[in-house]
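Here's the letter readout for the chains.
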Amino acid sequence: MTRRISMSRRAALLSFMLIACVVTAFPILWMVATAFKTPDEALQTPPVWVPGSPTTDAFSAVGDVIDIPRSFLNSALIAGLTTAGILLTSLLAGYVFAKYRFRGKNALFALLIATMFLPPIVTLIPLFRIVTQLGWDASLVGVIVPNLANAFGIFLMRQFIAGVPDELIEAARLDGASELRIVFRIVAPNVLPAIAALAMFAFVYHWNSYLWPLTVLQGNEQASPIVISLARLLTYTGSAANTPQVMAGATLAVLPPLILFVILQRFFVNTISRAGMTG
Amino acid sequence: MRIARQNWWTAGFLAPSVGLIGVFVLIPIVLTVWLSLHRWSTATPFGDAEWVGLRNFDALFSSELVGRDFRQALRNTFVYAGLSIALLIPLSILFGVIVHRAAVRGTTFLRTVLFATYCVPMIAVAIVWSKLYSPTEGPINQALGWFGISPQPWLSDTGTALISLVFLNVWQQLGYFTVLVVAGLTQIPPSVYEAAALDGARNVKLLFKITLPLLRRTLLFCVVIALINAIQVFEPVATITQGGPVGATNVLTYHIRQVGIERSQGGLASAMAVTLLLALMVVVTLVFALMRKGDDR
């Protein structure tokens, strides 16, 4: 729709958007501002909006309560390895569902897709027991392995691989390429934006995920990702004077997924747009 | 490619996904249903489960404390989901229409800011909002004061605690649903609007007569996703309210985990999970039926 908009309506629209941006960004800005406040400032009523003499004391105090490097390493391991697994399993299965024909294909696909709409709590208890029986409780293996494949990834890959021309794949077969080679050398390069988007979705989701690591790790601090350490930081710093410390911890935890998003948001938005449409 | 050869590749390529999803999703679903009919401690192997028939379900719908707590959590969960949807859908349509028009510069920036909240870990959102809601030194009550609104108790009162969590959820998810709505809007051919404009239809009329009906499939998808997401609310309850005050924010993901993991009553918690799943299927079927009724008209 390209219609002319009058100046006054333009101004109204702009001010509406400005207010929306400020309201939306406020909690994040407040978090960062509070992280640089002194304990006294955090206690004042009415609240201090902008720290008078910004200090990084709160950030150093975070390290007194939780092991920051270790937590980040655990988060990176969980999010990184899970993402790698999801990419691999989704690419292979997505290729089969997009390009192969076999009996029961549609039924199997429907069964897998149905799991996409399952709230995790429904399977949490037996899943926790299975992981315990396997001897993976209280360890990163238990956090990672059950999430190495998921229906969303398969669905997304199938949608995009279906758009890769059959001629391209047939030509490679005539040249004697194996199916494995076709997946990685022909199909994957043609769906790179979707792979990038899936990688970001998976990474952000598993960096942020809380319920499953909390359940599996059972308080094992050595294996705690940053989100679990953050909850511990909150527990150990009850009084309002410690608010800057908690906010400093939250700021640190938020940075990696937020930076990733800001850099790569183009893929993010385009892909949920396309995947959402077919849902 | 010969059929036999393709069969090998099919099996090989599907094995990792189907194997993992089978063991870690499909088998646990079957186990949840099976365990719901047993008395079983989560700390013991599955083999120790003792058959009790429907007795777990009887307890959930009895007047005992177990049943009252569960039904309160079930009610809280669907109230939370309903309120979240009631706020998220209209707001995402509003923002979606604005962003889609893009007649004014800055819409991309708005979209980025909106969507960025979706990437913030829920635990951080919960912690930050718990401070924003603080009755005395919190900035929200301060800002309300500027408009002459008296301070609200937010998370500390049974009447306002659940809706406080709804606001937090809406804040985090609005950007995601806005992007979905924008995607839906781009599917509507401009010619439809041009024809309507020739007929003299005005803006508001365009929205209700053309945009919303054509957006129905997208909105249906949004409602279902918002519902599933709302059922997963956990972090703010687990870390900030612990289900309180007086059970006002006790929601099912928190409650089932409390019963099944913290108290190891695996059979009872599985019965709760099965009830949740059935309730969810009924609601989703109803939503689809309502939409179909709309299609027939």
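Residues numbered from 1 in each chain as written. Chains lettered and ligands numbered in written order. Predicted model: local features only at pLDDT ≥ 70, side-chain atom pairs only at ≥ 80, totals over all residues.

A.B. asks: Explain the overall build of chain A residue by residue, including any values.
C.D. replies: When its secondary structure is counted, chain A shows 14 helices and zero strands. The helix and strand sequence of chain A, counted from the amino end, reads α-α-α-α-α-α-α-α-α-α-α-α-α-α. Against the compact-globule benchmark of 19 Å for 279 residues, chain A has a radius of gyration of 24 Å, which places it well outside the compact range. Reported as C-alpha extents along the three principal axes, the dimensions of chain A are approximately 75 × 65 × 35 Å. The long-range share in chain A, meaning contacts at least 24 apart out of those at least 6 apart in sequence, stands at 79%. (Helix = DSSP H or I, 4+ residues; strand = E, 2+ residues; numbered from the N terminus. Rg over C-alpha atoms; globule rule 2.2 N^0.38 Å. Contact = placed C-beta atoms within 7 Å.)

A.B. asks: Describe the overall build of chain B, and please don't skip the residues or the numbers.
C.D. replies: Regarding its fold elements, chain B presents 13 helices and two strands. Out of the 297 residues belonging to chain B, those deemed buried represent 43%. In chain B, the proportion of contacts linking residues at least 24 apart, taken out of those at least 6 apart, comes to 68%. (Buried ≥ 20, exposed ≤ 12 C-beta atoms within 10 Å, placed from the backbone.)

A.B. asks: Please provide a residue-by-residue account of the nonpolar core, values included.
C.D. replies: Counting 152 residues, the largest nonpolar core has Leu230 and Ala250 of chain A together with Ala124 and Met272 of chain B as the members making the most contacts within it. Counting residues per element, this core draws most heavily on helix α7 (residues 161–186) of chain B, at 14 residues. The two domains that each donate at least three residues to this core are domain 1 (7–59) and domain 2 (65–277) of chain A. Methionine 272 of chain B has contacts with Leu60, Phe70, Leu252, Ile256 and Val259 of chain B, leaving out every residue within four places of it along the chain. (Core = buried A, V, L, I, M, F, W, Y, C linked by C-beta atoms within 7 Å. Domains from an automatic or database assignment.)

A.B. asks: So what about the domain arrangement of chain A? Which residues, and what values?
C.D. replies: Interfaces are frequently sized by the accessible area removed from exposure as the parts join. All names here are of chain A. Domain boundaries in chain A define domain 1 (7–59) and domain 2 (65–277). Each of domain 1 and domain 2 was reduced to a C-alpha centroid, and the two centroids are 32 Å apart. Across the contact, ten residues belong to domain 1 and nine residues belong to domain 2. Of all the elements in the fold, those that place two or more residues in the side of domain 1 that touches domain 2 are α1 (7–35), α2 (39–43) and α3 (57–65).

A.B. asks: Pulling in residues and values, what's your account of the confidence of the model for chain A?
C.D. replies: Per-residue confidence for chain A averages 89 on the pLDDT scale, and 95% of its residues sit at or above 70. Within chain A, the lowest mean pLDDT, 81, falls on helix α14 (residues 243–277) of chain A, and the highest, 97, falls on helix α7 (residues 140–144) of chain A. (pLDDT = per-residue confidence, 0-100.)

A.B. asks: Talk me through the interface of chain A and chain B; I want residue IDs and the actual numbers.
C.D. replies: Every contact between the two is made by 74 residues of chain A and, on the other side, 74 residues of chain B. Here the element with the most residues in the side of chain A that touches chain B is α14 of chain A; it accounts for 14 residues. Of the residues assigned to the side of chain A that touches chain B, the class counts are 56 nonpolar, 14 polar and four charged. (Nonpolar A, V, L, I, M, F, W, Y, C, P; charged D, E, K, R; others polar.)

A.B. asks: Account for the packing of helix α8 (residues 151–161) of chain A against helix α11 (residues 192–208) of chain A, naming residues and giving values.
C.D. replies: All names here are of chain A. Packing of α8 against α11 brings their axes to within 10 Å, and their N-to-C directions diverge by 165 degrees. Considering their axes alone, α8 and α11 lie roughly antiparallel with respect to each other. When the axes of α8 and α11 are compared, the crossing they make is right-handed. Across from Gly153, Leu156, Met157 and Phe160 in α8, the residues of α11 making contact are Ala194, Leu198 and Ala202. A per-class count over the contact of α8 with α11 returns six nonpolar, one polar and no charged. (Axes fitted to C-alpha atoms, helices over the stretch in contact; angles between N-to-C directions. Parallel < 35°, antiparallel > 145°, perpendicular 65-115°, else oblique. Left-handed = near helix turned anticlockwise from the far one by under 90°.)

A.B. asks: Tell me about the environment of phenylalanine 78 of chain B, and please be specific about residues and values.
C.D. replies: Tracing the sequence through the fold places phenylalanine 78 of chain B in helix α3 (residues 65–101). Distance in space between the C-alpha atoms of phenylalanine 78 of chain B and leucine 252 of chain B is 9.4 Å, their sequence separation being 174 residues.

A.B. asks: Explain unusual backbone geometry residue by residue, including any values.
C.D. replies: Residues glycine 244 of chain B and proline 245 of chain B are joined by a peptide bond in cis, for which omega reads -5 degrees. Looking at the element boundaries, proline 245 of chain B is found in the loop between α11 (235–241) and α12 (252–262). One non-glycine residue, glutamine 218 of chain A, lies in the positive phi region at around 45 degrees.

A.B. asks: Report on the environment of proline 47 of chain A, specifying residues and quantitative values.
C.D. replies: Positionally, proline 47 of chain A belongs in the loop between α2 and α3. In contact with proline 47 of chain A, other than residues within four places in its own chain, are Glu137, Pro139 and Gln142 of chain B.

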